[in-house]
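Architecture and fold: a report
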Amino acid sequence: MSQMLNTGVRWTIHDVELFAENEGTRYEIVDGELFVTRAPHFKHQQTCGRIFQQLNIWSESTGLGEAVINPGVLFSESDNVIPDVVWATKETLALTLDEAGHLTSAPDLVVEVLSLSNSEQKRDKEAKLKLYSSRGVKEYWIADWRSRQLEVYRREDNQLKLVETLFSSNIIISFFLPGFSCTVNQFFPI
């Protein structure tokens, strides 16, 4: 369940730092708009874990980078998001990880898992797609555990474009992740 607090105010990370910590509440800012999100559905979390697991196994075998669940990505004071899963090369991490443990620029791959709420789905498919595209993310996956499909956006002509929609029996590969492959079905809970 997500709620956008649209009060005409342009929110920044400094505003969010003043909020009391609420267990299970996530605050994200996209283009100055504040979004407050509660803990997602159990199967949403399982999907995040399964995608992370596949990326992590591949990362450990190649040594090319790191995958992480729910990292803070601070693009700017007015663009502060918490993607479901990201993957970044070791070089990207060395350049972008700050002392507080947040990424300060684009990871190489961002994955968002769709929530039940139409407003959250719209945010992932529109606002976050635009943000990730403008900030230099190389690849963006949108996973839907209900329909068991994966939309793959890749950087072409300096923006993220939908290049394929994959279903359960399809195999996901990426030239940004050399040698990575698995069936899309492996991303989703039974």
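One can find the structure itself at the top, above this paragraph.
Heads up: these notes are all about the structure in this document. Owing to the predicted nature of the structure, the values given are computational and were not obtained by experimental measurement. (Residues numbered from 1 in each chain as written. Predicted model: local features only at pLDDT ≥ 70, side-chain atom pairs only at ≥ 80, totals over all residues. Heavy atoms only, no water.)

1. Brief notes about the packing of aromatic side chains
The geometry of an aromatic ring pair is captured by the separation of the ring centres together with the interplanar angle, meaning the angle of the planes. Here is the rule: Put simply, two rings from Phe, Tyr or Trp (the six-membered ring, in Trp's case) pair if the centres are within 6.5 Å, and we call them stacked under 30 degrees between planes, edge-to-face over 60, tilted for the rest. Think of it in three bands: with a 1.4 Å probe and only protein chains considered, a residue is buried below 20% of the maximum accessible area for its type, exposed above 50%, and partly exposed in between. Placement of a charge over a ring requires the Lys NZ or Arg CZ to be within 6 Å of the ring centre, with the centre-to-atom vector within 35 degrees of the ring normal.
All told, the structure shown has eight aromatic pairs when counted by the stated rule. Ring geometry for Phe175 and Phe176: centres 4.7 Å apart, planes at 40 degrees, overall tilted. On the basis of relative accessible area, Phe175 is assigned to the exposed category, the value being 61%. Phe176 gets classed as partly exposed once you look at its relative accessible area, which sits at 23%. Each member of the aromatic cluster is reached from another via a ring pair, and the members are Trp58, Trp87, Trp141, Phe180 and Phe187. Against the face of Trp145 rests Arg146, its NZ or CZ located 4.8 Å from the ring centre.

2. Some thoughts on the pattern of salt bridges
Note the threshold: Here, a salt bridge means any side-chain nitrogen of Lys or Arg that lies within 4 Å of a carboxyl oxygen of Asp or Glu. A helix here means a DSSP run of H or I that spans at least four residues, while a strand means a run of E at least two residues long, and both kinds are numbered starting from the N terminus.
Tallied over the full model, the rule gives ten salt bridges. Lys128 serves as the salt-bridge partner of Glu112, at 3.1 Å between the closest nitrogen and oxygen. Note that Glu112 is positioned in strand 8 (residues 109-113) and Lys128 in helix 4 (residues 118-135), a separation of 16 residues in sequence. Taking the shortest distance from any N to any O, the salt bridge between Glu164 and Arg154 comes out at 3.6 Å. Taken together, the residues Glu164 in strand 11 (residues 159-167) and Arg154 in strand 10 (residues 149-156) connect sequence positions ten residues apart. Residue Glu164 is classed as partly exposed on the basis of its relative accessible area of 26%. Assessed through its relative accessible area of 11%, Arg154 is described here as buried. Connected through shared salt-bridge partners, Glu112, Asp124 and Lys128 make up one network.

3. Description of the nonpolar core
Spelled out, the test is: What is meant by a nonpolar core is a set of buried Ala, Val, Leu, Ile, Met, Phe, Trp, Tyr and Cys residues, joined one to another through side-chain atoms within 4.5 Å.
Ranked by size, the top nonpolar core spans 23 residues in total, and within it Ile51, Leu55, Trp141, Leu150, Ile172, Phe180 and Phe187 carry the most contacts. Among the elements that take part in this core, helix 2 (residues 42-62) stands out by supplying four residues, more than any other. Core analysis: the next-biggest nonpolar cluster, separate from the first, contains 20 residues, Val81, Val86, Leu93 and Leu129 among them.

4. Structural notes on the pairing of strand 8
The condition that has to hold: Two strands pair under a simple rule: DSSP has to find at least two bridges between them. Crossovers are marked right-handed if the path from the first strand over the helix to the second runs clockwise, as seen with the strands pointing away from the viewer.
When you tally the buried positions in strand 8, you get five out of five residues, the bulk of the element. The two faces of strand 8 match: Leu109, Val111 and Val113 on one face and Val110 and Glu112 on the other face are all buried. As paired elements, strand 7 (residues 85-89) and strand 8 share three bridges and run antiparallel to each other. In the strand pairing of strand 8, Val85 is matched with Val111. Pairing between strand 8 and strand 9 (residues 139-144): five bridges, direction parallel. By the bridge assignment for strand 9, Val111 is matched with Trp141. With respect to chirality, the unit in which strand 8 leads through helix 4 into the neighbouring parallel strand 9 is right-handed.

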